[in-house]
Structures are given as structure tokens and as C-alpha cells.
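Working through the structure, step by step
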Amino acid sequence: RTVSSLPANVRNWPLPDGSKAWLNAGSRLSYPSTFTNERRVSLSGEGYFRGSSESKKSLYIVSTSTIDVRALGTEFNVSSYPSSGNIEVYLQKGSVKTYFPGAETNGLIMLPGQCLVQNGKKLELKEMDPDILLWREGLYTFKKQKLGKIIEKLELYYDVRINVKDPEILDYEYVGKFRQRDGILTILQVIQKYINLK
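Residues numbered from 1 in each chain as written. Predicted model: local features only at pLDDT ≥ 70, side-chain atom pairs only at ≥ 80, totals over all residues. Heavy atoms only, no water.

1. Quick look at the nonpolar core
By size, the foremost hydrophobic cluster in this structure holds 27 residues, and its most contacted members are Leu 147, Leu 154 and Ile 191. Mapped onto this core, the elements with two or more residues apiece are strand S12 (114–119), strand S14 (139–146), helix H1 (147–158), strand S15 (173–179) and helix H2 (184–195). If you tally residues by element for this core, the top one is H1, at 6 residues. Not counting residues within four places of it along the chain, the set of residues in contact with Ile 191 comprises Leu 147, Ile 150, Tyr 174, Phe 178 and Asn 196. Counting 25 residues, the second largest nonpolar core, distinct from the first, contains Phe 35, Ile 67, Val 96 and Leu 116. (Core = buried A, V, L, I, M, F, W, Y, C linked by side-chain atoms within 4.5 Å. Buried < 20%, exposed > 50% of the residue type's maximum accessible area, 1.4 Å probe, protein only. Helix = DSSP H or I, 4+ residues; strand = E, 2+ residues; numbered from the N terminus. Contact = heavy atoms within 4.5 Å.)

Have a look at this one:
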């Protein structure tokens with residue numbers, strides 16, 4: 001079975017074992033109608049996963065295009081938008097192991113509050129900014145992020161194309177928080193006032 005989340009839309013999907021998945025905008029989750037001992041789902045985009053008591057009894061694996069995340073009864077966030085160039089895993093509760101398929105023994109075990117970033121063939125751990133999970137509440141936060149990265153996210157979240165005529169503005173930094181329902185035009189107008197651009 002495959003489910004998708006529309007632009008600027010968060011959905012809570014119950015999985016066959018009673019665990020839940022929240023999908024961010026432009027995301028797709030595929031999973032079998034019935035789980036076996038290995039509960040595996042495939043994610044493209046961003047999803048937050050909360051295990052159930054049933055999911056503690058066997059492996060629970062979220063597969064992305066390049067890495068797997070193995071968990072037992074935990075809560076974590078995986079961001080794997082194809083256009084972003086990297087994959088990020090944020091752990092809120094419990095523990096997970098992140099690894100390249102076929103190389104689980106070389107994977108990294110994460111603790112709550114940690115973030116794992118996959119760039120190419122490297123897996124790196126860093127501290128997590130808890131605000132990154134606010135998208136589940138319909139909020140998008142940007143903390144000293146470059147405008148180029150913000151534009152990439154807005155294009156994903158709202159399924160639009162934003163053309164930038166002056167590439168210098170892509171390096172401008174912005175701090176702000178928006179509600180999804182504010183809409184792309186309102187968000188761009190607020191950023192425009194803050195950075196003084198058109």
C-alpha cells in the first residue's frame with residue numbers, strides 16, 4: 001500500500017501493527033497490507049514514526065533511497081526528500097540504528113536528542129534542534145538558515161517553483177516561524193520585509 005501527503009499537509013497514518021506515521025508535505029510512504037516479523041516501510045520525503053507495543057516485538061525498519069533506520073518501540077523523524085541531497089534522522093525517544101543496506105554492523109546507534117546526517121557514504125551524528133519536529137503541529141521554523149535552503153524547503157512544502165534572479169540573496173540568513181496555513185505568498189512577503197528584497 002502507498003500513501004501520499006499533499007503540499008503543506010500533515011497526515012497521520014495508522015500502520016498494520018498499530019504504530020503511526022505522520023507525513024510532511026510532498027511525502028510518500030509504502031508498506032505491505034500485513035507485516036511479517038520484519039516490519040519494513042519505505043519513505044520518500046519526511047515522516048515521523050511512533051512505534052506501538054506490537055512493534056517492540058520485532059524489527060521495525062524505515063527504508064529510504066540510501067539508508068535504513070532500525071528501531072524497537074521508539075519515536076523518530078526521517079527526512080529523505082530526493083532533491084535535498086542528504087538524509088537526516090532525528091531521534092526523540094528510545095534508540096535507533098542507522099546504516100547502509102548490507103552494512104548494518106557498521107551502523108550508528110543514536111540516543112534521544114541526536115541527529116544523524118547522511119552525506120554520500122558518511123554518517124555523522126550531531127545535536128538535534130527540537131524545533132525541527134514542529135512541522136507535525138503545522139509549523140515551519142527556520143533558524144539562521146540561508147535563503148537558498150529555505151526556498152528549497154518552501155518549494156517542497158507547497159509544490160511550487162520559485163525563481164531567483166539574483167543568486168547573491170541565496171546566502172542571506174533568515175530566522176522565523178510560520179504556520180503551514182499562512183500560505184506561500186504570506187511567507188514570502190514576511191521574508192521580503194525582513195531581508196529587504198523583492
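Structure's up, so let's keep going.
2. Notes on the pairing of strand S7 (residues 68–71)
Pairing of strand S6 (residues 60–63) with S7 involves 4 bridges; the strand directions are antiparallel. Of the residues in S7, the one forming a bridge with Tyr 60 is Ala 71. If you look at the hairpin formed by S6 and S7, you'll find 4 residues sitting between the two strands. When S7 meets strand S10 (residues 96–99), the two strands line up antiparallel, connected through 4 bridges. Pairing of Arg 70 across the sheet is with Lys 97, part of S10. (Pairing = 2+ DSSP bridges.)

3. As for the packing of aromatic side chains
Inspection of every chain in the model, using the stated rule, returns 7 aromatic pairs. Taking the centre distance of 5.7 Å and the plane angle of 70° together, the rings of Trp 22 and Tyr 48 count as edge-to-face. Here Trp 22 is found in strand S3 (residues 20–23), whereas its partner Tyr 48 is found in strand S5 (residues 39–50), with 26 residues between them in sequence. You'll find Trp 22 and Tyr 48 in the same group, each marked buried. Between the aromatic rings of Tyr 140 and Tyr 158, the centroid separation amounts to 6.4 Å while the plane-to-plane angle is 80°, which identifies the pairing as edge-to-face. (Phe/Tyr/Trp six-rings, centres within 6.5 Å; stacked < 30°, edge-to-face > 60°.)

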